[in-house]
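Residue-level structural notes
Chain by chain, the residues:
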Amino acid sequence: MYETLLYSVAASVATITLNRPDHLNTIVPPMPDEVEAAVAAAIDDPTVKVIVLRGAGRSFCAGFDFGGGFHHWDEALTSDGVWDPGKDFVAATAPTLAPTQKFMSLWRSPKPVIAQVHGWCVGGGSDYALAADLIVASDDARIGTPYSRMWGAYLSGMWIYRLGLTRAKEYALTGKPLSGVEAAAVGLINASVPFAELEETVTGLASRLASIPSSQLAAMKLVVNHAFENMGLASTQTLGPILDGLMRNTPDAKRFIEMAANEGVPTAVAERDGPFGDYSQASADGKPDPSHSIDPA
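Quick look at the structure, then. (Residues numbered from 1 in each chain as written. Predicted model: local features only at pLDDT ≥ 70, side-chain atom pairs only at ≥ 80, totals over all residues. Heavy atoms only, no water.)

This part is about unusual backbone geometry. In this chain, P29 is followed by P30 through a cis amide linkage whose omega measures 5 degrees. By secondary structure assignment, the location of P30 is in the loop between β2 (13-18) and α1 (31-44). Of note, S12 is a non-glycine position whose phi angle comes to about 70 degrees, a positive value. Checked against the element boundaries, S12 lands in the loop between β1 (5-10) and β2. Among the residues examined, S12 registers a relative accessible area of 27% and is labelled partly exposed. With a phi angle near 60 degrees, N25 is a residue other than glycine that sits in the positive phi range. By relative accessible area, which is 0% here, N25 ends up buried. (Helix = DSSP H or I, 4+ residues; strand = E, 2+ residues; numbered from the N terminus. Buried < 20%, exposed > 50% of the residue type's maximum accessible area, 1.4 Å probe, protein only.)

Given below as structure tokens:
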């Protein structure tokens, strides 16, 4: 039924597992559509009270897949092989087309969503996670927006709304990642636990939520969401993807993506992140433990 994810239901909980483990669950078509469809399936299922979003293998989600020059998105972004800013802005903002708005199906779901984060949770992957209601990460997870340095801009805006002005400016301008422990400490996520306890912690939290009437959960989620929507969330989510399109097509950005296509993604990100010594350029203790892997079977 799905190409890029797995969907299952047990004990009142629907689990959506991003399932491109050999590619760190990076985002390609049709993943945004399939996440939206899986959320709709959970909403339509009267036996489901809670949704859990997680990733198979070594990572939650390492962002958009830009290997090969990002050409798997050409139909939405180009005309005659050239970037089309008109097509890009429509694809980035139209509710039925925009990947950001498909991520936000998690936010709009009347049933609470828990993001179970481990490994890399970066770029667009962080937008997935932060669109959930509650986020629990492993201590060694790495959450960040390396596109802050090159080739992007905030998409969903959830970094801004979750962090507040002081911290949002810090992470928007530097792009530096946070460990699960650090993300919990600054209030970006709800909790950080050792990887060995992650699944049990999320299962217990989902079970507790499932003991509450669905209408009560929906009401409390709705009132909190509307408070943030009244702060201009929709406007932020219109501006962010438009700026993202522009930042993907500056001379510097074109050089970056051409390097990724011609010399490989590792070469491009090494040039971007090398001066900061983080993400793939970090020492072993600055990266997720590669042995921490989730087998969805």
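Looking now at the sheet that holds strand β9 (residues 142-144). The strands making up a sheet associate through hydrogen bonds between their backbones, and the pairing can be parallel or antiparallel. In space, the 3 strands of this open sheet follow the order β7-β9-β10, with mixed pairing throughout. Strands at the two margins of the open sheet, each flanked by one partner only, are β7 (120-122) and β10 (178-179). Pairing between β7 and β9: 3 bridges, direction parallel. Residue pairing in the sheet places V122 in a bridge with G144 of β9. (Pairing = 2+ DSSP bridges.)

So, on to the nonpolar core. Judged by nonpolar contacts, the single largest core of 60 residues is most densely connected at V117, Y128, W159 and L188. In contact with V117, not counting residues within four places along its chain, are F60, A129, I135, V136, A137, S138, A141, I143 and L198. Grouped together as the second largest cluster of nonpolar side chains are 15 residues, V193, V202, A210 and L217 included. (Core = buried A, V, L, I, M, F, W, Y, C linked by side-chain atoms within 4.5 Å. Contact = heavy atoms within 4.5 Å.)

Okay, the packing of aromatic side chains next. Enumeration according to the criterion identifies 15 aromatic pairs in this entry. Between W151 and F256 the ring centres are 6.3 Å apart and the planes differ by 45 degrees, which places this aromatic pair in the tilted class. In this pair, W151 is assigned in the loop between β9 and α7 (158-163) and F256 in helix α13 (residues 251-263), connecting sequence segments 105 residues apart. Taken individually, W151 and F256 each receive the classification buried, so the pair is uniform in this respect. (Phe/Tyr/Trp six-rings, centres within 6.5 Å; stacked < 30°, edge-to-face > 60°.)

Here the focus is the pairing of strand β8 (residues 134-138). Among the 5 residues in β8, 4 count as buried, and that is most of the element. As paired elements, strand β6 (residues 113-117) and β8 share 4 bridges and run parallel to each other. Following the sheet pairing, A115 is matched in β8 by I135.

Sheet topology places β1 next to β2; 6 bridges connect them, and they run antiparallel. Within the sheet, the bridge partner assigned to S8 lies in β2 and is T15.

The subject of this paragraph is the side chain of D244. Take D244: it is sitting in helix α12 (residues 233-247). Among the residues examined, D244 registers a relative accessible area of 10% and is labelled buried. Engagement of the side chain of D244 in a polar contact is seen with the backbone nitrogen of A153, the distance being 3.0 Å. Here D244 is in contact with W151, G152, A153 and L155, once residues within four sequence places are set aside. (Polar contact = N/O pair within 3.5 Å; in protein donor to acceptor, adjacent residues only side chain to side chain.)

This part covers the sheet that holds β8. Strands sit in the order β1-β2-β3-β6-β8-β11 across an open sheet of 6 strands; the sheet is mixed. A strand with exactly one partner marks an edge of an open sheet, and here the two such strands are β1 and β11 (191-193). With strand direction ignored, the average angle separating the axes of adjacent strands in the sheet is 20 degrees. With 3 bridges connecting them, strand β3 (residues 50-55) and β6 associate as parallel partners. Bridge pairing in β6 links L53 to A115. Contacts from α1 reach β1, β2 and β3 within the one sheet, and its direction differs from that of β1 by about 10 degrees. Running at roughly 160 degrees to β8, helix α10 (residues 195-210) makes contact with β2, β3, β6, β8 and β11 of the sheet. (Axes fitted to C-alpha atoms, helices over the stretch in contact; angles between N-to-C directions.)

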